[in-house]
Amino acid sequence: QDAQKSTLMDMEIADYERLVKELNQKITDKDSRIEDLEQETEIQKQKQETLQEEIKSLQSTMQQDEERNAKIKQLLVKTKKELADSKQAENDHLMLQASLKGELEASQQQVEAYKARNFTFLLIQVAVLTSEKHKVQEQLRTSSEQHQRTVSACQQKIATLQEECRAAQAEQASVTSEFESYKVRVHNVLKQQKNKSAARTESEGAKQER
């Protein structure tokens, strides 16, 4: 059950990290797009300023050179058209930029909401796992103490049996020594009795001969 809880939590964390990664990627893409649009907008503004300067230059040239009036008018019309196109492009970019900023804010709000929703759940899971970890550690400590007591009792019993074994070996050695001494005494007694019997026999034989 602990493994299932851990696996479920890992899956939820993985989903959370994946969603956050996707949202962060979207945010990065949108930021990059906004930056590109801002750069393009700046280019358009510079282009507008350049075109406006060209218009002023052309207007001045029209006054100074009437012979080039037709060509200048054509260039002026073209320049005005480009300016209008540039302004339209700028408006389109501004609208797109506003839309992307709105999407970015919505994405950020989704990320924050998801974080707030899952952070409490993760805290509860961590608290549960921490409690279970403490219970297991307590069980391990109790089991270890019981094992140590059992080992100590076994060691004491082994020491007692070893002492009894040494005492039995000493007693056996004493009995063996006493038995060997007894055999020597019996052998001497038997030898003495044999010698006495032989002497008696010789004495009786001598008497009979007389």
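Residues numbered from 1 in each chain as written. Predicted model: local features only at pLDDT ≥ 70, side-chain atom pairs only at ≥ 80, totals over all residues. Heavy atoms only, no water.

Caption draft 1: Broad picture of the environment of K30. On the secondary structure map, K30 appears in helix α1 (residues 2–64). Discounting residues that sit within four places of it in the chain, K30 has contacts with L100, E103, L104 and S107. (Helix = DSSP H or I, 4+ residues; strand = E, 2+ residues; numbered from the N terminus. Contact = heavy atoms within 4.5 Å.)

Caption draft 2: Examining the UniProt feature "coiled-coil region" (unreviewed entry) in the chain more closely. The UniProt record marks residues 13–117 and 144–178 with the feature "coiled-coil region" (unreviewed entry), using the residue numbering of this structure. Annotated as 100% helix and 0% strand, the span residues 144–178 places its first and last C-alpha atoms 51 Å apart. (UniProt positions renumbered as here; feature names shortened; annotations may be inferred.)

Caption draft 3: How the structure looks around a nonpolar patch on the surface. Among the surface-exposed residues, F179, Y182, V186 and L190 lie close enough to one another that they form a single nonpolar patch of about 390 Å² accessible area. Positionally, V186 belongs in helix α2 (residues 69–209). Judged by relative accessible area, V186 falls into the partly exposed class, the value being 30%. (Patch = residues over 30% accessible without salt bridge, like charges linked within 9 Å, V, L, I, M, F, W, Y side chains within 5 Å. Areas by Shrake-Rupley, 256 points an atom, 1.4 Å probe, with all protein chains shown as cover. Salt bridge = Lys/Arg side-chain N within 4 Å of Asp/Glu carboxyl O. Buried < 20%, exposed > 50% of the residue type's maximum accessible area, 1.4 Å probe, protein only.)

Caption draft 4: Seen up close, a negative patch on the surface. Residues D29, D31, E35, D36, E38 and E40 make up a contiguous surface patch of negative charge. As for its placement among the helices and strands, E35 is situated in helix α1. Overall, the relative accessible area of 45% leaves E35 in the partly exposed class. (Lys, Arg positive; Asp, Glu negative; His and termini not counted. Charge placed at Lys NZ, Arg CZ, Asp CG, Glu CD.)

Caption draft 5: Highlighting the pattern of salt bridges. This model, assessed by the stated rule, comprises 5 salt bridges. Residue E22 pairs with R18 through a salt bridge whose shortest N-O separation is 3.0 Å. Here R18 and E22 lie together in helix α1, a separation of 4 residues that amounts to about one turn. You can call E22 partly exposed: its relative accessible area is 38%. Exposure remark for R18: the relative accessible area of 45% places this residue in the partly exposed category. R141 is the salt-bridge partner of E145, the closest N and O atoms lying 2.5 Å from each other. Taken together, the residues span about one helical turn, with E145 and R141 both in helix α2 at a distance of 4 residues. Through salt bridges with shared partners, one network takes in E138, R141 and E145.

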